[in-house]
Amino acid sequence: MTDINAVKVLSIALKDKTSFDLLNGKFDPKSFPKAYREFAEIFYELSKKRIVITKDVLKSYIESKRLSPESSISIEKAFNDCIETTVESGEFNFFFEELRKQRAERILRNTISGLDEDDNPIKVKGKTLESIPDLIRKKEPYLAAQNLKKAIIEIDQLTQVDPIIRANMHDRWQDKIREYDERKIDKSKAIGILTGFGPIDDMTRGIHPGELFLFAGRPGCGKSIILVNIARKMFIDGKSILLFSLEMPYGQYEDRFVSSYTKLNARRMLLGALTTEEEVRLKQAWEKVGKSENQLEIIDFPQVNAFRLETELSRALDKFHPDVVIIDYLGIMKPNDKGSVADWEAQGAVAEEVRAVGRIYKVPIISAVQLNRSKDKSASTDRLSRSDIIGQTADFIAMINDKGEDNELSDLLKMTIVKNRKGESNLEFEMYKNFETTTIENIPTYKSTLEALLKGQAA
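Keep in mind it's a predicted model, so treat the numbers as computed, not measured.

Enquirer: Would you mind going over the sheet that holds strand E4 (residues 241–245) with me for this structure?
Expert: Backbone hydrogen bonds hold the strands of a sheet together, and the pairing may be parallel or antiparallel. With mixed pairing, the nine strands of this open sheet are ordered in space as E5-E4-E6-E7-E3-E8-E9-E10-E11. This sheet does not close on itself; its edge strands, each paired only once, are strand E5 (296–300) and strand E11 (439–442). Each strand of the sheet is rotated relative to its neighbour by a mean of 25°, with strand direction disregarded. Alignment of E4 against strand E6 (residues 324–328), held across five bridges, turns out to be parallel. Residue Leu 243 lies in a different strand from E6, and its bridge partner there is Ile 326. Packed on one face of the sheet, helix H11 (residues 223–236) meets strand E3 (212–217), E4, E5, E6, strand E7 (365–370), strand E8 (396–400), strand E9 (412–420) and E11 and runs near 170° to E7. Lying over the sheet, helix H12 (residues 250–262) contacts E4, E5, E6 and E11, oriented at roughly 150° with respect to E5.

Spelled out as structure tokens, the structure:
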């Protein structure tokens with residue numbers, strides 16, 4: 001039986017490179033219906049090598065691979081179906097969408113039944129996939145839900161729309177002149193959300209929608225406190241924040257935040273040993289936070305992936321519209337569903353998936369990553385633990401320096417900007433740290449060029 005959607009899509013892609021590029025980027029050849037799967041795999045392979053597929057080319061390929069007679073007949077029939085089909089390039093999007101819907105239906109049906117299209121048991125990593133009804137009868141609701149969740153993730157990846165924006169400068173020139181004139185009158189229009197870390201804000205003009213900012217450091221060097229202080233700065237500036245706490249319970253994050261917010265000694269606050277005046281400050285601060293129009297919501301979820309991140313962000317956008325997402329921290333996250341890939345590939349996939357969520361929902365994302373145990377203490381993206389893909393994906397990376405002794409005591413937090421898509425990098429700077437009050441602030445002598453610019457005191 002001819003599958004019209006598969007035939008139409010493959011037929012157009014055979015003739016139109018643009019359609020093939022879209023197909024290759026969004027639809028795995030193994031996702032085609034069985035009758036066209038083997039031909040699709042060969043088509044993808046040869047097209048990537050810029051080989052035009054003809055009947056003779058296909059015959060030579062089949063002979064060189066010594067494929068079985070059954071496979072040969074199936075592949076040749078699929079090819080003939082495609083070249084004999086009349087279709088226009090403009091119809092590609094319609095039939096491609098129908099093909100994706102068809103695949104989504106198969107994923108869900110196969111997961112529920114535990115059987116493939118030929119009614120054979122499905123094997124996952126050597127184990128038979130049990131049907132959802134069988135799992136429920138065996139009182140295994142969690143396993144049933146896990147299998148359904150995997151199917152939903154696969155369907156979500158299949159149907160997700162890339163955040164493509166086409167900006168033709170022929171049509172945009174008047175808008176760009178207007179944007180410049182607006183910035184000339186009000187320079188704050190060029191400024192994103194500020195971190196409160198002066199050197200970083202000066203170098204980046206703040207963090208903007210869709211950007212991924214990372215802070216890298218060895219364990220225990222203060223990455224979480226950096227994120228808490230950035231959350232404090234943004235909250236004080238009237239921004240709403242969605243914060244994922246993957247490493248510590250939400251209560252600890254709340255206490256760290258209010259300690260930084262009030263600059264009260266965190267240990268004495270937790271022990272209930274504040275002075276009367278400090279207790280008044282604490283209670284007033286909590287009341288102010290509670291009654292603020294902007295919000296800080298903490299998601300305490302130890303095993304989050306980009307799919308769950310997107311789900312929570314989508315929910316929060318309906319509830320209070322967060323201006324920024326903070327994740328503590330990236331290295332604990334898992335990829336959506338990458339199978340048994342190497343750890344470095346998994347971590348690279350996490351960074352790419354997280355940044356994609358930020359791009360799609362137009363929200364900036366701030367997180368942290370570990371540094372490896374290299375004897376080389378120089379500041380570079382090569383020291384990012386587990387995957388250099390993280391360094392390639394991020395828009396900005398600031399690294400906490402560890403050139404000195406591990407137990408060196410200092411009230412200065414030394415950092416280096418090792419990546420900055422917006423301009424200069426390799427800038428070393430210092431911040432004043434006070435872990436007793438969970439605060440990190442600019443050193444008193446620091447002069448912000450951004451503030452001077454906003455006040456009209458600098459060019």
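Enquirer: Please explain the packing of helix H1 (residues 4–15) against helix H6 (residues 92–113) as it appears in this structure.
Expert: The relative placement of two packed helices is expressed as an angle between their axes plus a distance between the axes. Packing of H1 against H6 brings their axes to within 9 Å, and their N-to-C directions diverge by 135°. Classed by the angle they form, the pair H1 and H6 counts as oblique. Here H1 and H6 pass one another in a crossing that is left-handed. Between H1, through Asn 5, Ala 6, Lys 8, Val 9 and Ile 12, and H6, the contact on the second element is made entirely by Phe 92, Phe 95, Phe 96, Glu 98, Leu 99 and Gln 102. Considering only residue class, the contact of H1 with H6 consists of seven nonpolar, two polar and two charged.

Enquirer: What should I look at first to understand unusual backbone geometry in this one?
Expert: Where the residue is not glycine, phi is negative for most of them; where a peptide bond is considered, it is trans in most cases. With omega at 0°, the peptide bond leading from Asp 328 into Tyr 329 counts as cis. Relative to the helices and strands, Tyr 329 is located in the loop between E6 and helix H16 (343–361). In this structure, Arg 66 is a non-glycine residue whose phi angle is positive, near 55°. In this fold, Arg 66 is placed in the loop between helix H4 (55–65) and helix H5 (69–83). Arg 66 sits in the exposed class, given a relative accessible area of 77%. The residue Lys 139 is not glycine, and still its phi comes out positive at about 60°. Among the structural elements, Lys 139 can be located in the loop between helix H7 (132–137) and helix H8 (141–159). The class for Lys 139 is exposed, based on a relative accessible area of 72%.

Enquirer: Sorry if this is basic, but what is going on with the environment of Leu 108 here?
Expert: Tracing the backbone through its elements, the reader meets Leu 108 in helix H6. The exposure class of Leu 108 is partly exposed, given its relative accessible area of 36%. Distance in space between the C-alpha atoms of Leu 108 and Ile 155 is 8.3 Å, their sequence separation being 47 residues.

Calculation criteria
- Residues numbered from 1 in each chain as written.
- Predicted model: local features only at pLDDT ≥ 70, side-chain atom pairs only at ≥ 80, totals over all residues.
- Heavy atoms only, no water.
- Pairing = 2+ DSSP bridges.
- Helix = DSSP H or I, 4+ residues; strand = E, 2+ residues; numbered from the N terminus.
- Axes fitted to C-alpha atoms, helices over the stretch in contact; angles between N-to-C directions.
- Contact = heavy atoms within 4.5 Å.
- Parallel < 35°, antiparallel > 145°, perpendicular 65-115°, else oblique.
- Left-handed = near helix turned anticlockwise from the far one by under 90°.
- Nonpolar A, V, L, I, M, F, W, Y, C, P; charged D, E, K, R; others polar.
- Buried < 20%, exposed > 50% of the residue type's maximum accessible area, 1.4 Å probe, protein only.

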